[in-house]
Each structure stands twice: as structure tokens, then as C-alpha cells.
Amino acid sequence: MKRRHPALFALGLIGLAVVGGLVTSVLLGLDAPPAMREGLIRFTATLLILFMLVLVVRYLSLLWLGYLHHLKDSRDGDADDRSFAPPVSIIVPAYNEGPNIAASLASLLRQDYPRFEVLVVDDGSTDDTYAQASAFAGRQGGAHVRVVGKSNSGKAGALNAGIALARYPFVLCVDGDSRLAADTLRRAVRHLRDPEVAAVAGNVKVANRVNLWTKLQALEYIEGLNMARRAQGFMRAVNIIPGPVGLFRRDVVQRLGGYDTDTFAEDADLTLKILAAGWRVVYEDRAVAWTEAPEDLNSLIKQRYRWTRGILQALLKRGSVLTAPQSFSTWLSVVMMLFESILWPIMNVVGSLFFVAVALAYGASAYLVGWWLLLTVLDVAAALHTVAMEEEDLSLVPLAVVYRFFFILLIDVTKLFATAEEFAKVEMGWGKIERLGRI
Amino acid sequence: MELIQLVVVAMVIVILATITLAAVSYGAFKVRERRVPAAAEPDSASGPLFFERVRFAPRDRAAQR
């Protein structure tokens, strides 16, 4: 993607304005007249109450809708129904996935499903991905494995190639490093019995929980991403089918032109395209895919930078989903996407800085403690609820105490920079994260 | 110092340090990104590869046989 409009100067100005505003408010506050001090403290209290309202509504509605989704799913009689088992093509786009591809294919071949093929599309890898995948080519138990190579054109191009070459009417798109649970395909496919449903989003989990960064991401996937996806699943309007595991009707994807190559979040873009066409997109909690998360801060920032800009590109491209939605639930789901990608990060960073400034300048530290307490209580409650619901590792819950003020704040600052760069149309590249092959 | 004051001091330090860490890491990411030599452009100049037409690299033809 070519975007030649360097705006690092503008970014510097934004940073300077934030820091300057903070320093000025502290300096002014030290010498402020009592009336001004009182007015500002009243304003701070109002702001805190407003933030509280927004946050409580956000958390409670996500938890409530997620719980309703869970109940509905538990009541579904056909959760273990094996009578609907159409043949499925599993598409594996792979670019330099050498350390992962063999283990990934082995997990795909363990699917507890009667009839499927695995189609590996090597997107012009410069490592031994093609050779490693080719070792699996041919019939493997009940599945057939095909490996094709092509010149590099990006992940979207590789997925389109796979969809075009797929033999079956349903396609399961995964990442080159995804590991699927044995029942993932079976759990996801049952939703496609409903003719209104075009796609099923799976449940992505962090596999390499080897340090604090990856453990915090594991919690984020459960408490942040999956909690929101479960709520959207109840409305049958999931707004991002995750790259590591998404099941589609092949004819719908092809009719809509497949994955577009002009955004850095092809999964979000395709999902919005499907929703805009009036189809339903659901979430399956038990269609689990394990993925390798970035293990250090540099890779994490690289990943989140790309996600943020990609999602914004998709949102800006598909504005019609907001202005002329097919249904209220689709509209609401996209509003949630907008809130989570832009408003919530701004609120978190600005709120934290503002309450710090007020505490330093006016000694009104109770507001800072209130802000922290509110977020921490909500995060711990959400973590307990979602970890229990997914029968996940309880040792992740205590991390919720540092989650918001360390991990999410860090991610949100990156999101703000990425958002500013997207609006300034700064050029960007894919910045593929190096796979360590730990899972 | 009261407990509440200690909490406030700790929070101020954590928040400011985290934002600084994020800004510095982001800056480092941008610097590294500029230093990395530009990767080969995707093969888009030769036209769309799929849906209209499927192209295979020579090794795939061999593999298909």
C-alpha cells in the first residue's frame, strides 16, 4: 500500500500538545485562585461520573449480551448434532511460516470431521514453508492435502487464491500458525444450517503463555476480544471474523468479490462487506484456534499498529454499514467497533492523563483513585466472568489489576498514534511478525 | 504518608511511566521501520492473480504433475 504523505511532524505536534497541556495545567493549578480551583474540581467530578456511566453501560451490556449468547448456545439442542456435516475446504495462507506450518497442518488433520480438504497456499515464501507443507501433500486419513505456490501478493491474495481453488461449498480460513482444537470444524459448521448465516467467527486463544506480555494478551483475548465477540454473536452481527479461524459460505464470499487487498485488516473488511450485504455473522465459542502471540513489546506494538490502521481503513471504506445499515444489530455492532477502536482508547489515555494532572495540580487525588478503582473493579469482574465462562486458566484473573493501567494504556497510546497516522495517510507496510514456532 | 497517598503516587508513576514507555517504543518502532530496506512490492503490476485468472509459479506445475 502506497501512501506518500509523511506526517510525523503532525504527530510530534500532537504529542507536544498533550505534554504541554499537562505541564501547563499542573503549573496553573499550583497557583490557581480558589474559584477556578473549585470550578475545575467540579468539572473533574462531572467528567468522572460521565466516564463511569459510559463504562458501566459498556461492561454491563457486553457481559449481559454475552451471557445471553452463552445461554442460547447451551440450550441449542444441535450442539453435538453430526447430521449436518457438509464437506469443507480449509484454506491455509502461508508466508514464511516455516517454523509453524508442519505443526499447524498436523492440528488441521486431527479434525474430528468426516470430509474435508486442506489447501495450503504458499504466498511466495522465501523460507522452506513450501517444502515443509509439501511433505503433507496427498491423502491423509479422511482428508486430502493440496499445496499450491504463487508469487507474493499478500494474505488477502493468498486467501482469494485458496477460495478460488477450493473444491467444497464451505471454506474455513485459518492462519499459517493456527492450531485448531479437534472439534473446531464440527462446532462451527452447524451454524451454516441457517441459510441467513454467511460466516462463523471462531474463538482465538493465545497458545504461548510464556511471559507477562503473552499472559496479558491471553487475558485480553478472553476478557476483551471474546467478550465483545460473544455479545455481537448474540445479535448475529460479529464485526470481525478473526484471521486464525473463520468459516464462510464460499459462494457468498466469491459473489462479494473475496478479500479486498486495499486494507491491512482483510478479515475486518470482509466481515463488514458481508454484514453490509445483509448476511448474518455468528460466533462459536467452542470453535477454538490457538495462535502465537507476540512475545515482546516491539512485536506487540508492530501488530497493534497494523490492526488499528487496518480496522480504521475497513471502517472508513465501509461507512455505508453505519449510514445505511441492513439491521439495527448490524448498526450497533459497527458502532461498538468504532467505540472500541477510536473512542475508548482516547477516553482511556486522556482520562488517565487528566486525572493525573488534576491530582498533581490541585491535590484532588480522590478522582484518580476513583478512576482506577472503577476500571479495576470492572476489569476484575469481567475477567472472572469470562474466564469462568470459557473454563480458562484462573491464574489470569489477578492480572486484571494491572491490565488497564499498564497493558491497555500502552496499547491505547499505540492506537492513538496509529489513528493519527491513518488520518494523516502516512505510508505503511505489512511488518510481518517473526514467528518463533513455540506452539 | 497515608496509604491512599502512596497509592496515588504509585498510580501517577505507573501511568506516566507507561505512557512514556509506549511513546518511546512507538518511536523506536517507527525508526526501525524506516531502517528496514523496502520489501519487494507485491506482484500487483502484472494484474489480478485470482478470480479472473490463476497463475502458478513453475515449481507448482512440477508439484501438480
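Residues numbered from 1 in each chain as written. Chains lettered and ligands numbered in written order. Predicted model: local features only at pLDDT ≥ 70, side-chain atom pairs only at ≥ 80, totals over all residues. Heavy atoms only, no water.

The α-helix advances 3.6 residues per turn, and as a result positions three or four apart in sequence lie on the same side. Among the 11 residues in helix α9 (residues 266–276) of chain A, 10 count as buried, and that is most of the element. Note on α9 of chain A: the residue one or two positions beyond its end, Gly278 of chain A, has a positive phi of about 95°. (Buried < 20%, exposed > 50% of the residue type's maximum accessible area, 1.4 Å probe, protein only. Helix = DSSP H or I, 4+ residues; strand = E, 2+ residues; numbered from the N terminus.)

Moving on, we come to the pairing of strand β1 (residues 88–94) of chain A. Side chains on a regular strand alternate between the two faces of the sheet. Residues and elements named next belong to chain A. The buried count for β1 comes to seven of seven residues, which makes it a mostly enclosed element. On β1, burial covers both faces: Val88, Ile90, Val92 and Ala94 on one face and Ser89, Ile91 and Pro93 on the other are all buried. Bridge count between β1 and strand β2 (residues 116–123): seven bridges; the pairing is parallel. Looking at the pairing, Val92 lines up with Val120 of β2. Tracing the backbone out of β1, into helix α3 (residues 98–109) and back to the parallel element β2 gives a crossover that is right-handed. (Pairing = 2+ DSSP bridges. Right-handed = clockwise from strand over helix to strand, strands pointing away.)

Another aspect to go through is the sheet that holds strand β3 (residues 138–140) of chain A. Within a beta sheet, neighbouring strands are joined by backbone hydrogen bonds and run either parallel or antiparallel to one another. Residue and element names in this part refer to chain A. Strands sit in the order β3-β4-β2-β1-β5-β8-β7-β9-β6 across an open sheet of nine strands; the sheet is mixed. Looking at which strands have only one partner, the edges of the open sheet turn out to be β3 and β6 (179–180). Of the strand pairs in this sheet, β1 and strand β5 (residues 170–174) are connected by four bridges, and their pairing is parallel. Each bridged residue has a counterpart across the sheet, and for Ile91 the counterpart in β5 is Cys173.

With that out of the way, let us pick up the packing of aromatic side chains. All names here are of chain A. Enumeration over the complete set of coordinates arrives at 15 aromatic pairs over all chains. Taking the centre distance of 5.4 Å and the plane angle of 40° together, the rings of Phe355 and Trp371 count as tilted. Separated by 16 residues along the polypeptide, Phe355 in helix α12 (residues 328–362) and Trp371 in helix α13 (residues 365–389) bring together distant segments of the chain. Clustering of aromatic rings is evident, with ring pairs tying together Phe43, Phe51, Phe354, Phe355 and Trp371. A cation over an aromatic ring shows up here: Arg58 above the ring of Tyr59, its NZ or CZ 4.8 Å from the ring centre. (Phe/Tyr/Trp six-rings, centres within 6.5 Å; stacked < 30°, edge-to-face > 60°. Lys NZ or Arg CZ within 6 Å of the ring centre and 35° of its normal.)

Let's shift gears to the packing of helix α10 (residues 297–317) of chain A against α12 of chain A. All names here are of chain A. At a closest axis distance of 11 Å, the pairing of α10 and α12 adopts a crossing angle of 140°. Crossing of α10 against α12: the hand is left-handed. Contacts between α10 and α12 involve Ile311, Leu312 and Leu315 on the former and, on the latter, Val334, Met337, Leu338, Ser341 and Ile342. Considering only residue class, the contact of α10 with α12 consists of seven nonpolar, one polar and no charged. (Axes fitted to C-alpha atoms, helices over the stretch in contact; angles between N-to-C directions. Left-handed = near helix turned anticlockwise from the far one by under 90°. Contact = heavy atoms within 4.5 Å. Nonpolar A, V, L, I, M, F, W, Y, C, P; charged D, E, K, R; others polar.)

Looking now at the pattern of salt bridges. Applying the stated rule across the entire model yields 32 salt bridges over all chains. Asp194 of chain A serves as the salt-bridge partner of Arg236 of chain A, at 2.6 Å between the closest nitrogen and oxygen. In this pair, Arg236 of chain A sits in the loop between α7 (212–234) and β8 (245–249) while Asp194 of chain A sits in the loop between α6 (184–189) and β7 (197–206), placing the two residues 42 residues apart along the sequence. Under the relative-accessibility criterion, Arg236 of chain A is labelled partly exposed at 21%. The closest approach of N and O atoms between Glu421 of chain A and Lys30 of chain B, which form a salt bridge, is 2.9 Å. A residue pair is termed interchain when its members come from two chains, as with Glu421 of chain A in helix α14 (residues 400–423) and Lys30 of chain B in helix α1 (residues 3–35). For Glu421 of chain A, a relative accessible area of 0% puts it in the buried group. By relative accessible area, which is 8% here, Lys30 of chain B ends up buried. (Salt bridge = Lys/Arg side-chain N within 4 Å of Asp/Glu carboxyl O.)

In this section: the confidence of the model for chain A. Chain-level statistics for chain A give a pLDDT mean of 87 and a share of 89% at 70 or above. A low-confidence stretch, residues 1–6 of chain A (pLDDT under 50), is modelled with 18 contacts involving residues beyond four sequence positions or located in other chains. (pLDDT = per-residue confidence, 0-100.)

What follows deals with the environment of Val145 of chain A. Residues and elements named next belong to chain A. By the element assignment, Val145 lies in strand β4 (residues 143–150). Between the alpha carbons of Val145 and Ser89 there is a distance of 9.7 Å; along the sequence they are 56 residues apart. In contact with Val145, other than residues within four places in its own chain, are Leu109, Val118, Phe136, Ala137, Gly138 and Gln140.

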